[in-house]
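Read off the chains here:
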Amino acid sequence: MLHTLRFLNAALLTAFFLLPTSLTAQVFQAEDYRYFHDTTPGNAGRVYRNDDVDIELTTDDGGGYNVGWIAQGEWLTWSGLDIPERGDYVIKVRVASPEGARFVLDLDGGARKLATFDVPDTGAWQNWTTLTETVTIDAGRYQLGAYAVTRGWNLNWIAVERKDTGGSDLVRFEAEDFEQGHDTTTGNEGGAYRNGDVDIEATTDEGGGYNIGWTEAGEHLTYPAFDVAQTGFYAVRARVASRSNRGALAFQLRGDRTQNLGQIVIPDTGGWQNWTTATVNVFLEQGRYQLHCRIESGGFNLNYLELAPSEHADHYADRARGEWSLLVVPDTQHYAQNRENAPIQHMRNAFSWIVAAKDQLNLQFVQGLGDITESWNASWEWENAVSAWDKLYGEVAFIPVQGNHDSPAALNRYFPVANFINEPWYGDDFGGIENCYAEKVINGENYLFLQVESYDPYSDYRPEGIAWAKQVLADFPNHKVLLATHDIWGTQVIRNELLTRYDNLVMTNAGHHCVRETAFVTHGPNGGVSHNFVCDYQCDNHEVMLLRYYIFRPLEDRVDFYTFSPITGRFENDADSRGSFPLTQRNP
């Protein structure tokens, strides 16, 4: 079990033990609504705020206020319900009524009904009870609403927390309770909580307390030691707020050995006190550690950090079972142009995540899917793209692919064969990196990663390139071949010339088309099966560097695929984004 760590000043400690919710709960005090509808003018209780909602002092544990004099049809809305990942959540509501009542909780102004609560007769207006319901909620940021179906009840607070699945306890660090801190400027800019150079201020996030702010690149924080009693998959969650999209926070565990956990890219939340929870999923080994955080890029506030059992254990490769992964990078042309809706920093951060996640994924190869750039041979676009791809050298085997927007000459100038030819996995090429292959033996089985130049409606047909690819496939009949090319959807060249003519092709990935995601199966002449995928997100309004990766699971003779954004920390879970296909593999 992970041991819960929490450091609180006396006032916060008192409030915590009086509130019957866990450390993971998001608590909404009734009187702190954002929007309302009240059927009578004026605040009948005459306390706390001046509008038409009726608020009074409460005698419930913890004191404070409650909303009362509730009439049928009245409603309240609270902002900032953050659900980091889809799952079952427990909703607790603190209510009182001398006659019984009914109300409904919903999301986003009634867009989704969460639950209906029947308030019992508690005996008096200040005799309080807690009602509980468990609901399934998708990941996202919501407004939480309460609608009075009937009159005659009081409301103190609402709490939403992840349902306990019997896993390890939560480890939580308040940002301001670091053991060691380094700040690049002198003095505590916020002037709160403790002396020193780390900048701390009071927070308006749910639960109150403090947050660290005025963050700058190069600053770092180290937190007290904790124990991981069981090896497994965990989620690292950061409670953050920002008015920019440039922030990034990297994590490292220090103990018997140092383990880099990757980084969280901080989204623009719309304000320095508009809070959201960002998550990165990691694999931790049993042991005693300290959590070390480094600010890679500043411009955000940090309230707290959490480590908890991950809901995405199946999204990673289990080395003990011989599992490994292949990752593909869909079209990046808009990032190379550093567009407002596709900033180059997203691409750089995503490639940093690839390196950080390589051990959790047991990542064996990365294939590009073409259209590295938009403008053929514009040097500044190529330099932008290379600033991301360069992160993979010496970390993981990879080959980019040429797309119809990519000049082959420029491709070979920025990714020369000389950069790869001395790698033990590199095989051979035809004319340059646009046609090449790599070989790997994984779990005693031969795999060939084949990259073929673009054959699409906008590119000249080159029979020489296809002839070379055919020869490679003929030369390696006993290898499982994983093909990457730019287009298999708009033209039939790759389908007709390769996919239906060779039995050793088992999977193909391509981009190019704004179908976003699609898949189809082809058959070789002797019954070979190739599962073929198209993924291209360049037509999304806001591009968040969605990546596709495949986990090969030999003990199940299955390949699972996932679509993930390192920018948002979220998986896409529709049928086109996540699934499986059968593939017979040699057991380890």
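Residue indices follow the written sequence of each chain, beginning from 1 at its first position. Since the coordinates come from a predicted model, pLDDT governs what is reported: local features require at least 70, and pairs of side-chain atoms require 80 or more to be given and counted, while whole-chain, interface and lining totals use all residues. Where side-chain values are given, they derive from all heavy atoms of the structure, hydrogens and water being excluded.

## Observations regarding the packing of aromatic side chains
Only Phe, Tyr and Trp rings take part, Trp by its six-membered ring, and two of them pair if their centres are within 6.5 Å. Stacked means planes under 30 degrees apart, edge-to-face means over 60, and tilted covers everything else. By the definition in use, this model includes 37 aromatic pairs. Look at Phe-173 and Tyr-223: their rings are 5.4 Å apart centre to centre, the planes differ by 40°, and that puts the pair in the tilted class. Here Phe-173, found in strand E12 (residues 171-174), pairs with Tyr-223, found in the loop between strand E16 (220-222) and strand E17 (226-228); they are 50 residues apart in sequence, far enough to count as distant. Residues Tyr-193 and Tyr-210 carry aromatic rings whose centres are separated by 4.8 Å and whose planes lie at 45° to one another, so their mutual orientation is tilted. Pair noted here: Tyr-193 is in the loop between strand E13 (180-182) and strand E14 (200-202) and Tyr-210 is in strand E15 (residues 210-212), with a separation of 17 residues, a long-range link. Ring-over charges, as used throughout, are those where CZ of Arg or NZ of Lys falls within 6 Å of the ring centre and within 35 degrees of the ring normal. Positioned over the ring face of Tyr-304 is Arg-172, at 3.6 Å from the centre of the ring. A run of H or I in DSSP counts as a helix once it spans at least four residues, and a run of E counts as a strand once it spans at least two, with each numbered from the N terminus.

## Describing the pairing of strand E19 (residues 248-255)
Counted residue by residue, E19 has six buried out of eight residues, so it is predominantly covered. Pairing between E19 and strand E22 (residues 287-297): eight bridges, direction antiparallel. Note that in E22 the partner of Phe-251 across the bridge is Cys-293. A strand pair is defined by DSSP finding two or more bridges across the two strands. Looking at chain direction, E19 and strand E20 (residues 259-265) are connected through six bridges and run antiparallel. Within the sheet, the bridge partner assigned to Leu-253 lies in E20 and is Gln-259. The rule is simple: take the accessible area with a 1.4 Å probe, protein chains only, and divide by the maximum for that residue type; under 20% is buried, over 50% is exposed, in between is partly exposed.

## Details of the sheet that holds strand E5 (residues 75-83)
Ordered in space as E2-E5-E10-E7-E8, the five strands form an open sheet in which the pairing is antiparallel. Edge strands, defined here as strands with exactly one partner in the open sheet, are strand E2 (35-37) and strand E8 (112-119). In this sheet, neighbouring strand axes are inclined to one another by 25° on average, regardless of whether the strands run parallel or antiparallel. In this sheet, E5 lies alongside E2 in antiparallel orientation, the contact comprising three bridges. The residue of E5 that forms the bridge with His-37 is Trp-75. Every angle, taken between N-to-C directions, lies between 0 and 180 degrees, and every axis is a line fitted to C-alpha atoms, over only the stretch in contact when it is a helix.

## Focus on a nonpolar patch on the surface
Only residues whose relative accessible area exceeds 30% and that take part in no salt bridge are eligible for patches, with like-charged residues grouped when within 9 Å of each other and nonpolar side chains (Val, Leu, Ile, Met, Phe, Trp, Tyr) grouped when within 5 Å. Only the protein chains shown count as cover for residues, and the accessible areas themselves come from Shrake-Rupley with a 1.4 Å probe. In the sections that follow, a salt bridge refers to a side-chain nitrogen of Lys or Arg positioned within 4 Å of a carboxyl oxygen of Asp or Glu. A surface patch of nonpolar side chains, about 290 Å² in accessible area, is lined by Tyr-35, Trp-75 and Tyr-147. Topologically, Tyr-147 is positioned in strand E10 (residues 140-148).

## Some details on the packing of helix H3 (residues 344-361) against helix H4 (residues 379-389)
Relative orientation of the contacting elements H3 and H4 amounts to 25°, with a least axis distance of 8 Å. Here H3 is positioned roughly parallel relative to H4, judged by the angle of their axes. Every residue of H4 that contacts H3 at Ile-344, Met-347, Arg-348 and Phe-351 is listed here: Asn-384, Ala-385, Ser-387, Ala-388 and Trp-389. All amino acids are sorted into three groups, where Ala, Val, Leu, Ile, Met, Phe, Trp, Tyr, Cys and Pro are nonpolar, Asp, Glu, Lys and Arg are charged, and the leftover types, Gly among them, are polar. Its residues placed into classes, the contact of H3 with H4 shows six nonpolar, two polar and one charged. Oblique is the label for any angle not under 35 degrees, not over 145, and not in the 65 to 115 range, which are roughly parallel, roughly antiparallel and roughly perpendicular in turn. Note on definitions: a residue-residue contact is assigned when non-hydrogen atoms from the two residues lie within 4.5 Å.

## Observations concerning the side chain of Glu-176
Note on placement: Glu-176 falls in the loop between E12 and E13. Judged by its relative accessible area of 2%, Glu-176 falls in the buried class. Setting aside its immediate chain neighbours within four residues, Glu-176 contacts Tyr-193, Arg-194, Ile-200, Tyr-210, Asn-211, Ile-212 and Asn-303.

## Structural notes on the pattern of salt bridges
Within the structure shown, the criterion is met by 28 salt bridges. A salt bridge links Arg-102 to Asp-118, with the nearest nitrogen and oxygen atoms 2.6 Å apart. Of this pair, Arg-102 sits in strand E7 (residues 101-107) while Asp-118 sits in strand E8, and the two are 16 residues apart along the sequence. The exposure class assigned to Arg-102 is partly exposed, which follows from its relative accessible area of 37%. We classify Asp-118 as partly exposed; its relative accessible area is 46%. One salt bridge connects Arg-501 with Glu-497, and the closest N-O pair in it is separated by 3.8 Å.

## Points about the environment of Tyr-502
For Tyr-502, the location among the structural elements is in the loop between helix H7 (493-499) and strand E31 (505-510). Once the C-alpha coordinates of Tyr-502 and His-542 are considered, the two residues, 40 residues apart in sequence, prove to be 39 Å apart.

## Some details on the state of the cysteines
Criterion for a disulfide: a pair of cysteine sulfur atoms within 2.5 Å. For the structure shown, the criterion picks out one disulfide. No disulfide involves Cys-436; its sulfur sits 19 Å from that of Cys-535, the nearest cysteine.

## As for the pairing of E31
Taken across its six residues, E31 has six buried, putting it largely inside the fold. Bridge count between strand E30 (residues 480-484) and E31: four bridges; the pairing is parallel. Directly across from Leu-483, in E31, lies its bridge partner Thr-508. Where the polypeptide runs from E30 across H7 and back to E31, its parallel neighbour, the crossover connection is right-handed. Where E31 lies against strand E33 (residues 529-535), four bridges are found, and the strand directions are parallel. The residue bridging Ala-510 from the neighbouring strand is Val-534, located in E33. Think of it like this: strands point away, you trace from the first strand over the helix to the second, and a clockwise trace means the crossover is right-handed.

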